[in-house]
Amino acid sequence: MLFETTLTTARLTTEKGSGRWPDQRLRDALTKARPDKLAVVDSRRQLTYTELLEESEALARALLELGVRPRDVVQVQLPNWVEFVVAMIALERIGAVINPVGPIFRRNEVMVMSRLAQPKIIITASTFRGFDYAEMHAEIRDELDSIEEVIVVGDEAPDTQNWNEVIALGRSSTCEENTLDLLAPGCDEVIEIIFTSGTTGQPKGVLHTINTLTAGVLGILPNFTHGADEVVHMGS
């Protein structure tokens, strides 16, 4: 998919000159962390920085094996689970575009978003809090030509691929690291399309680059006093 932004040369020059847009990919920042330090935890599992990077590399390779290419959209509807972080890093690694969708959304809202974003792959939970996401997305896939695969985290579900099997596919892939390096996006390329809540109408897609996402984080960091050894809780 082709994305057109309103970024101008003057805007790029101003933001980069101010330091607000530092031209640093998320994965590159993570490689500077202590390898054995705990990176992410949920109620089901936890990963160190080394494990997080390794699993994201495996997912990146697997998605390439499944036909995902730079600028393809992958929709991710997951709770705040480890796999969401893995998917975010993996998609950045190969220049694909993540479309994060909150787990509160159901068929009507997800269908509107999917028609606009045209995802090639869906990554979702099998079930969460009593709702069958796998079944919903399998039904949506049958109605939208753009969706080729549904990957589910959790129990196996009919007509889908299981996360563990996909990670195993990536670990057995012969794709070389320099190929992944060549696919890495520029920091002013679109890597995320996220939808507004639609409280006053239909959801609307907002495009983000690596730099615009980073600027949001850098803007709030001065308000925190957390150090590298502290834990931050993210409610689902």
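Residues numbered from 1 in each chain as written. Predicted model: local features only at pLDDT ≥ 70, side-chain atom pairs only at ≥ 80, totals over all residues. Heavy atoms only, no water.

Could you give an account of the nonpolar core, naming the residues involved and the relevant values?
In this structure, Leu59 and Ile123 are the most contacted members of the largest nonpolar core, which totals 59 residues. Per-element tally for this core: the top contributor is helix α3 (residues 49-65), with nine residues. In contact with Leu59, not counting residues within four places along its chain, are Val86, Ala87, Ala90, Trp163, Val166 and Ile167. (Core = buried A, V, L, I, M, F, W, Y, C linked by side-chain atoms within 4.5 Å. Buried < 20%, exposed > 50% of the residue type's maximum accessible area, 1.4 Å probe, protein only. Helix = DSSP H or I, 4+ residues; strand = E, 2+ residues; numbered from the N terminus. Contact = heavy atoms within 4.5 Å.)

Describe the packing of α3 against helix α7 (residues 163-171), naming the residues involved and giving the relevant values.
Following both chains from N to C, one finds α3 and α7 inclined at 85 degrees, their axes separated by 7 Å at the closest point. Between α3 and α7, the angle is such that the two are roughly perpendicular. Between α3 and α7, the contacting residues are Glu54, Glu55, Ala58, Leu59, Arg61, Ala62 and Glu65 on the first element and Trp163, Val166, Ile167, Leu169, Gly170 and Arg171 on the second. (Axes fitted to C-alpha atoms, helices over the stretch in contact; angles between N-to-C directions. Parallel < 35°, antiparallel > 145°, perpendicular 65-115°, else oblique.)

Talk me through helix α5 (residues 107-117); I want residue IDs and the actual numbers.
Within α5, the full set of buried residues consists of Val110, Met111, Met113, Ser114 and Ala117. Taken end-on, α5 shows its buried residues confined to a sector of 170 degrees, consistent with a single buried face. In this structure, the buried side of α5 is in contact with β3 (73-77), β4 (97-100), α6 (133-143) and β10 (190-195). Residue Gln118 follows α5 closely and has a positive phi angle near 50 degrees. (Arc of directions from axis to C-beta.)

I'd love a proper account of the pattern of salt bridges, names of residues and values included.
Tallied over the full model, the rule gives 19 salt bridges. In this structure, the salt-bridge partner of Arg11 is Glu15, at a minimum N-O distance of 3.0 Å. Of this pair, Arg11 and Glu15 both sit in helix α1 (residues 9-18), four residues apart, roughly one helical turn. In this structure, Arg107 engages Glu143 in a salt bridge whose closest nitrogen and oxygen atoms are separated by 2.2 Å. Highlighted residues: Arg107 in helix α5 and Glu143 in helix α6, separated in sequence by 36 residues. The exposure class assigned to Arg107 is partly exposed, which follows from its relative accessible area of 27%. A single network of salt bridges, built from pairs that share partners, joins Arg27, Glu57, Arg61, Arg93, Glu177 and Asp181. (Salt bridge = Lys/Arg side-chain N within 4 Å of Asp/Glu carboxyl O.)

Tell me about a nonpolar patch on the surface, residues and numbers included.
Residues Val217, Leu218 and Leu221 make up a contiguous nonpolar surface patch of roughly 250 Å² in combined accessible area. Among the secondary structure elements, Val217 is positioned in helix α9 (residues 210-220). (Patch = residues over 30% accessible without salt bridge, like charges linked within 9 Å, V, L, I, M, F, W, Y side chains within 5 Å. Areas by Shrake-Rupley, 256 points an atom, 1.4 Å probe, with all protein chains shown as cover.)

Which residues make up unusual backbone geometry, and what are the values?
Even without a glycine there, the phi angle at Asp23 is positive, about 55 degrees. Within the secondary structure, Asp23 sits in the loop between α1 and α2 (26-30). Judged by relative accessible area, which is 40%, Asp23 ranks as partly exposed. In this model, Gln118 sits at a positive phi of 50 degrees, which is unusual for a non-glycine residue. In this structure, Gln118 sits in the loop between α5 and β5 (121-125).

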